[in-house]
Amino acid sequence: MTAAAKRYGGSLFELAAEEGLDDRILQELDCAAACMAAEPQYVRLLSMPNIPRARRRALLDEAFGGQMHPYTVSFLKILCDAGLLRQLPACAREYRSRYNAAHGILEVRAAAAVALDGDARRRLTDRLAAMTGKQIDLTVTVEPELLGGIRLDMDGARLDGTLRRRLDSIRESLDALTL
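We now turn to the structure provided with this report. Quick caveat: nothing in here was measured; it's all calculated off a predicted structure.

To continue, consider the nonpolar core. Nonpolar side chains in soluble globular proteins tend to be buried together. Grouped together as the largest cluster of nonpolar side chains are 33 residues, with contacts concentrated most on Leu29, Met36, Leu46, Leu60, Phe64, Leu88 and Tyr95. Every element with two or more residues in this core is listed here: helix H1 (3-19), helix H2 (22-38), helix H3 (40-46), helix H4 (53-64), helix H5 (70-81) and helix H6 (88-103). Listed in part, the nine residues of the second largest apolar core include Leu106, Leu128, Leu138 and Leu152.

Okay, here's the thing in structure tokens:
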């Protein structure tokens, strides 16, 4: 993440939290980032220096003005004016990181060989919450190549209890013995 994204995303979070708008702005930032990702030509248009600044700002007002809080729209205009609109996803990640820290939320990414049913998902979430003392925001992906077990990525750490990792470990031990 760039220093600009940390500075801009963090500043927006501080303002939103101070005003009690942190939930709303988080949702709007995610929405704006998704819209921009879906329409890369729009971002290119807003990044063209030959289009007057006032016109680019007006385009943002037209697209987001009636649906989003003025802070969010102003933030998009600031990024546009600074030539940093392509940094919006990174700014949103920094905002979410600060939001999660302030609200005691831990994002966990789980990968499993098969889809987790509702009960297994709930048990995993409950166990992680008990271990960490935080509210868990769990995202689960299915990766059949793992063969079995589960891999967790959380707070910069990876916990790998997959059958694929165990088989790789056994293979490495056998390779070490035969050399």
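The subject of this paragraph is the packing of H2 against H5. Here H2 crosses H5 at 40°, and the two axes come no closer than 10 Å. Classified by the angle between their axes, H2 and H5 sit oblique to one another. Here H2 and H5 pass one another in a crossing that is right-handed. Residues Ile25, Glu28, Leu29 and Ala32 of H2 form the contact with H5, whose own contacting residues are Tyr71, Thr72, Phe75 and Leu76. Of the residues that constitute the contact of H2 with H5, the class distribution is six nonpolar, one polar and one charged.

Strand order in this open sheet of four strands is E2-E1-E3-E4, and the pairing throughout is mixed. At either margin of the open sheet sits one strand with a lone partner, and together these are strand E2 (135-142) and strand E4 (157-160). Averaged over all pairs of adjacent strands, the angle between strand axes in this sheet comes to 20°, irrespective of strand direction. Summarising the sheet, strand E1 (residues 105-112) and E2 pair through eight bridges and their orientation is parallel. Each bridged residue has a counterpart across the sheet, and for Ile105 the counterpart in E2 is Gln135. Along the sheet, helix H7 (residues 118-132) makes contact with E1, E2 and strand E3 (150-154), crossing E2 at roughly 135°.

Moving on, we come to H7. An ideal rise of 1.5 Å per residue puts 21 Å on 15 residues; H7 measures up with 21 Å between its terminal C-alpha atoms. Those residues of H7 that are buried lie in contact with E1, E2 and E3. One side-chain oxygen at the N-terminal end of H7 lies 3.2 Å from the backbone nitrogen of Asp119; it belongs to Asp117. Within two residues after H7, Gly133 carries a phi angle of roughly 75°, on the positive side.

Look at Leu147: it is not a glycine, yet its phi comes out positive at around 70°. As for its position among the elements, Leu147 is in the loop between E2 and E3. Leu147 gets classed as partly exposed once you look at its relative accessible area, which sits at 44%. In this structure, Asp155 takes a positive phi of about 50° despite not being glycine. Among the structural elements, Asp155 can be located in the loop between E3 and E4. Residue class for Asp155 comes out exposed when judged on its relative accessible area of 68%.

Inspection of the secondary structure puts Asn100 in helix H6. Apart from residues lying up to four places away in sequence, Asn100 is in contact with Ile105 and Glu107.

Now for the pattern of salt bridges. For the structure on display, the rule yields 16 salt bridges. Counted as one network, the salt bridges with shared partners bring together Asp30, Arg96, Glu107 and Arg109.

For the structure shown, the criterion picks out one aromatic pair. Each ring, one from Phe13 and one from Tyr95, has its centre 5.3 Å from the other, and the planes form 80°; the classification is edge-to-face. With Phe13 in helix H1 and Tyr95 in helix H6, this pair connects stretches of sequence that are 82 residues apart. A residue is classified by how much of its surface remains accessible, and Tyr95, at 0% relative accessible area, is buried.

Cut-offs applied
- Residues numbered from 1 in each chain as written.
- Predicted model: local features only at pLDDT ≥ 70, side-chain atom pairs only at ≥ 80, totals over all residues.
- Heavy atoms only, no water.
- Core = buried A, V, L, I, M, F, W, Y, C linked by side-chain atoms within 4.5 Å.
- Buried < 20%, exposed > 50% of the residue type's maximum accessible area, 1.4 Å probe, protein only.
- Helix = DSSP H or I, 4+ residues; strand = E, 2+ residues; numbered from the N terminus.
- Axes fitted to C-alpha atoms, helices over the stretch in contact; angles between N-to-C directions.
- Parallel < 35°, antiparallel > 145°, perpendicular 65-115°, else oblique.
- Left-handed = near helix turned anticlockwise from the far one by under 90°.
- Contact = heavy atoms within 4.5 Å.
- Nonpolar A, V, L, I, M, F, W, Y, C, P; charged D, E, K, R; others polar.
- Pairing = 2+ DSSP bridges.
- Expected span 1.5 Å × (residues − 1).
- Polar contact = N/O pair within 3.5 Å; in protein donor to acceptor, adjacent residues only side chain to side chain.
- Salt bridge = Lys/Arg side-chain N within 4 Å of Asp/Glu carboxyl O.
- Phe/Tyr/Trp six-rings, centres within 6.5 Å; stacked < 30°, edge-to-face > 60°.

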